[in-house]
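What the coordinates show
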Amino acid sequence: MSGKSIRTERIIDRKTGNAVIVPLDHGISIGPVNGIIDMKTTVNAVSDGGATAVLMQKGIIPYGHRTGGHDVGLILHLSASTNIGSTSDSKVLVATVEEAIKVGADAVSIHVNLGAESEPQMLSDLGKVSRSCSEWGMPLLVMAYARGPTVKNQFDPATVAHCARVATELGADLIKVSYTGDVDSFRDVVKGALAPVLIAGGPQMNSDADILNMVHDSMEAGGKGVSIGRNIFQHKDPRAMTEAISGIVMNGMSVKEATKLLK
């Protein structure tokens, strides 16, 4: 059994192979917003709710990971940008696979924006990280989005499918992309990706039903789970929202059944 296989089992559900990952790296991009200030409380809430892994920047790990309650996998995010200036679509490397090993991470992630002016450098960085992951047996989650001056619609199915395939072509073990809006088009994304596909949550949605319907439909299309941040950690009850999403992803609950967990 390879190191990648062993570590991957720490960030997914072993019975289903599905994942509920909660990114908590938003502090570097949008600042200390509600939900990621008291990190211990948030991590404990989502782990109690059934999250298989949390995702953080390296400096935040001592403030929140594995502080009690259920164990939860740890993914170290390797890239970053802020929304303060005009270069938020340009992600740069701020950590390494070797650092991930030293802090005890179970996987690493990297964010690539296809269509950004710095796309060539981000693709180069992804290639380097992928090579290091292969050398060290470290699972790689690639967040692949279409963002930049030439991108007309980042949710266009063909564009999302292209993003997903780029991630696989360069060595992703798990892929995070935007949901395309309907089961049929997202099924094509999953088929073309080959590697397991997770959906992003995006900005806070209008209602719990919107979130749960999106999760349910992505699973119907063949997705392997979610990587949802703000719609979980900024929810009025992060534990309950994680439990509802996990119910759909892990147990095949209907939206109606999952909604009952929020009441």
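As the structure is a computational prediction, the values presented were derived from the model and not from experiment. (Residues numbered from 1 in each chain as written. Predicted model: local features only at pLDDT ≥ 70, side-chain atom pairs only at ≥ 80, totals over all residues. Heavy atoms only, no water.)

Right, let's get into the overall build of the protein. Assigned secondary structure in the protein consists of 12 helices and 10 strands. Radius of gyration (C-alpha) of the protein: 17 Å, near the 18 Å computed for a compact globule of 263 residues. In terms of its C-alpha atoms, the protein occupies a principal-axis envelope of roughly 45 × 45 × 40 Å. With 263 residues in all, the protein has 52% of them scored as buried. Here the analysis covers contacts within the protein between residues at least 6 apart in sequence; of these, 65% occur between residues at least 24 apart. Entry remark: accessible area of the protein is about 11,600 Å², with carbon and sulfur atoms responsible for 51%. Separation between the mean location of the 25 positive side-chain charges and that of the 27 negative ones in the protein comes to 3 Å. (Helix = DSSP H or I, 4+ residues; strand = E, 2+ residues; numbered from the N terminus. Rg over C-alpha atoms; globule rule 2.2 N^0.38 Å. Buried < 20%, exposed > 50% of the residue type's maximum accessible area, 1.4 Å probe, protein only. Contact = heavy atoms within 4.5 Å. Areas by Shrake-Rupley, 256 points an atom, 1.4 Å probe, with all protein chains shown as cover. Lys, Arg positive; Asp, Glu negative; His and termini not counted. Charge placed at Lys NZ, Arg CZ, Asp CG, Glu CD.)

Next up on the list: the pairing of strand E6 (residues 107-114). With 8 of 8 residues buried, E6 lies mostly within the body of the structure. Burial along E6 is two-sided: Ala107, Ser109, His111 and Asn113 and Val108, Ile110, Val112 and Leu114, pointing in opposite directions, are all buried. Where strand E3 (residues 73-77) meets E6, 3 bridges bridge the pair, whose relative direction is parallel. By the bridge assignment, Ile75 is partnered in E6 with Ala107. When E6 meets strand E7 (residues 140-146), the two strands line up parallel, connected through 7 bridges. For Val112, the partnering residue across the bridge sits in E7 and is Ala144. One crossover worth recording links E6 to the parallel E7 by way of helix H6 (residues 119-136), and it is right-handed. (Pairing = 2+ DSSP bridges. Right-handed = clockwise from strand over helix to strand, strands pointing away.)

Moving on, we come to the pattern of salt bridges. Applying the stated rule across the entire model yields 7 salt bridges. Residue Lys58 pairs with Glu99 through a salt bridge whose shortest N-O separation is 2.9 Å. Taken together, the positions of Lys58 in the loop between strand E2 (53-56) and helix H4 (61-64) and Glu99 in helix H5 (residues 97-102) put the pair 41 residues apart, joining distant regions of the chain. Residue classification places Glu99 among the partly exposed positions, given a relative accessible area of 28%. A salt bridge links Arg165 to Glu169; the nearest nitrogen and oxygen atoms lie 3.0 Å apart. With Arg165 and Glu169 both in helix H7 (residues 157-169), this residue pair falls 4 residues apart, about one helical turn. Arg165 sits in the partly exposed class, given a relative accessible area of 34%. (Salt bridge = Lys/Arg side-chain N within 4 Å of Asp/Glu carboxyl O.)

A separate point is the packing of aromatic side chains. Aromatic ring pairs: the centre-centre distance and the angle between the two ring planes describe each pair. With the rule as written, the count across this model stands at 1 aromatic pair. Across the ring face of Tyr145, the terminal group of Arg147 is positioned such that the distance to the ring centre comes to 4.3 Å. (Phe/Tyr/Trp six-rings, centres within 6.5 Å; stacked < 30°, edge-to-face > 60°. Lys NZ or Arg CZ within 6 Å of the ring centre and 35° of its normal.)

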